[in-house]
2 protein chains.
Amino acid sequence: MTIKNSNIEHFKDTLQAEGLRLTSQRIAILEDILASEEHRECDDILFSLRSNQISVSRATVYRTLEILEKGGFVRKMNIGDGRFRYENKLPKPHHDHMICLECGRIIEFVDQEIEARQVHLTKQHNFKLVRHIHQLFGICEDCQPAAANKGV
Amino acid sequence: MTIKNSNIEHFKDTLQAEGLRLTSQRIAILEDILASEEHRECDDILFSLRSNQISVSRATVYRTLEILEKGGFVRKMNIGDGRFRYENKLPKPHHDHMICLECGRIIEFVDQEIEARQVHLTKQHNFKLVRHIHQLFGICEDCQPAAANKGV
DNA sequence: TGCTTTATTGAGACTCAGTATCAATATAAA
DNA sequence: TTTATATTGATACTGAGTCTCAATAAAGCA
Ligand SMILES: [Mn+2]
Ligand SMILES: [Mn+2]
Ligand SMILES: [Zn+2]
Ligand SMILES: [Zn+2]
């Protein structure tokens, strides 16, 4: 609760710096995101809010997610399926993702050797590295027996 | 020309194996892709065909791209902008991409250390690696002076 | 507290890449 | 040729995400 409130304060400051206002909808959306460890799409968040009797429009969720992304509260990502997903970024250092093609499970990882190679490779091309996406697609441990039966 | 024709033959074989037919539209689309080094979206291919007085419907381009992807002729990729791009895969070994946020230029790279780390990391999680996406976003050499003026 | 300004909201229209439908047409095999 | 059926193009449709705008609510101030 105290942690949450400090995040809401931080959000309020971020909003004020841009001349934006702190609304009940924005608080509800941020709190929902802070309470989740998942990589969710807009509608997941919307339905989660509704299951807590909070009614917000889809447009407002999209609008708030954009503000939260710019403010560094959430990370927007896509795993190639044409939809964007959002994850609570505050408690997490940078990481990349392994994504199970069967069940959608996401395993997070970081590897300093890879991070270092990225810097090295971009320097070779005089390319100024800003950010990166690194996604490993495959079959997770739990899904391998089932996948084998289907011939994957 | 001879190289092209052998690719068309290969395409024909692939189609026949599936009970599909070789049509003038499919040949035109494959030839257009074989003649390009770029990472193009559907409409780029469509307009390229039209500039050569070849009229094909957008639906047919999409349908053919799907067949070509399954057959290993093209690689379908997205760089996070919500549209798919396709590149001629035949002459190329596996590689990943650096993408310029200013001009869209794409630089291809491969790094055996990174490839090896990916295998290592997935093994640690008993994750069966199938494919991966690794994209480095930033500012290319040519765009850095312009970007500096804009404060990037 | 009440007033004023203006940011925000929700409903629904809209966009746009990609997919599905279906009658007309072209392919390939006999 | 003839025939069976795969393919095409036109166009309707889908679905994630954006835009519009009148009604509402937040924030600063008297
Ligand atoms: Mn994550
Ligand atoms: Mn490439
Ligand atoms: Zn799985
Ligand atoms: Zn550039």
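Residues numbered from 1 in each chain as written. Chains lettered and ligands numbered in written order. Predicted model: local features only at pLDDT ≥ 70, side-chain atom pairs only at ≥ 80, totals over all residues. Heavy atoms only, no water.

Colleague: Please give an account of the protein's contact with DNA strand D that cites residues and values.
Modeller: What surrounds DNA strand D is a group of 19 residues, the closest being A:Tyr62, B:Arg21, B:Thr23, B:Arg26 and B:Thr60. Among the atoms of DNA strand D close to the protein, meaning within 4 Å, 74% are from sugar or phosphate groups. Here B:Arg21 contributes a backbone N or O atom positioned 2.7 Å from a phosphate oxygen of DNA strand D. Between a sugar or linking oxygen of DNA strand D and a side-chain N or O atom of B:Gln25, the distance comes to 3.0 Å. Mapped by element, the contributors of at least two residues to the surface near DNA strand D are helix H4 (58-70) of chain A together with helix H2 (24-34) and helix H4 (58-70) of chain B. For the surface near DNA strand D, the leading source of residues is H4(A), giving three residues. (Near = heavy atom within 4 Å. Polar contact = N/O pair within 3.5 Å; in protein donor to acceptor, adjacent residues only side chain to side chain. Helix = DSSP H or I, 4+ residues; strand = E, 2+ residues; numbered from the N terminus.)

Colleague: Can you explain the pattern of salt bridges? Please cite residues and give values.
Modeller: Residues and elements named next belong to chain B. For the coordinates displayed, the defined rule picks out 26 salt bridges over all chains. With its nearest N and O atoms 3.5 Å apart, the salt bridge here joins Arg-85 to Asp-81. For Arg-85, a relative accessible area of 16% corresponds to the buried category. By relative accessible area, Asp-81 is classed as partly exposed at 30%. (Salt bridge = Lys/Arg side-chain N within 4 Å of Asp/Glu carboxyl O. Buried < 20%, exposed > 50% of the residue type's maximum accessible area, 1.4 Å probe, protein only.)

Colleague: Tell me what's going on with the packing of helix H3 (residues 42-51) of chain B against H4(B), and back it up with residues and numbers.
Modeller: All names here are of chain B. H4 packs onto H3 with a crossing angle of 120° between their chain directions and a minimal axis gap of 10 Å. Crossing of H3 over H4 shows right-handed handedness. Here Cys-42, Asp-43, Ile-45, Leu-46 and Leu-49 of H3 come into contact with H4, specifically with Arg-58, Val-61, Tyr-62 and Leu-65. Taken together, the residues of the contact of H3 with H4 break down into seven nonpolar, no polar and two charged. (Axes fitted to C-alpha atoms, helices over the stretch in contact; angles between N-to-C directions. Left-handed = near helix turned anticlockwise from the far one by under 90°. Contact = heavy atoms within 4.5 Å. Nonpolar A, V, L, I, M, F, W, Y, C, P; charged D, E, K, R; others polar.)

Colleague: Give a description of the sheet that holds strand S5 (residues 106-109) of chain B that names residues and reports values.
Modeller: The six strands lie next to each other as S5(A)-S4(A)-S6(A)-S6(B)-S4(B)-S5(B), forming an open sheet whose pairing is mixed. Each of the sheet's edge strands pairs with one partner strand only, and the pair in question is strand S5 (106-109) of chain A together with S5 of chain B. Adjacent strand axes in the sheet meet at a mean angle of 20°, parallel and antiparallel pairs treated alike. Pairing geometry for strand S4 (residues 96-100) of chain A and strand S6 (residues 128-139) of chain A, over four bridges, is parallel. Across the sheet, the residue bridging to A:Ile99 is A:Phe137, located in S6(A). Against the sheet, helix H5 (residues 112-124) of chain A contacts S4 and S6 of chain A together with strand S4 (96-100), S5 and strand S6 (128-139) of chain B, and its axis sits at roughly 135° relative to S6(A). (Pairing = 2+ DSSP bridges.)

Colleague: Talk me through the packing of aromatic side chains; I want residue IDs and the actual numbers.
Modeller: All names here are of chain A. Tallied over the full model, the rule gives two aromatic pairs over all chains. For the ring pair Phe-11 and Phe-73, a centre distance of 5.5 Å and an interplane angle of 65° mean the geometry is edge-to-face. In this pair, Phe-11 is assigned in helix H1 (residues 2-17) and Phe-73 in the loop between H4 and strand S2 (74-78), connecting sequence segments 62 residues apart. What makes Phe-73 buried here is its relative accessible area of 1%. For Lys-76, the ring lying beneath its charged end belongs to Phe-84, and the centroid distance is 4.4 Å. (Phe/Tyr/Trp six-rings, centres within 6.5 Å; stacked < 30°, edge-to-face > 60°. Lys NZ or Arg CZ within 6 Å of the ring centre and 35° of its normal.)

Colleague: Describe H5(A), with residues and values.
Modeller: Across its 13 residues, H5(A) extends 19 Å between first and last C-alpha, which sits within 8% of the 18 Å expected from 1.5 Å per residue. Positive phi shows up at A:Asn126, right after H5(A), with a value of about 50°. (Expected span 1.5 Å × (residues − 1).)

Distances and angles like these do not, on their own, reveal function.
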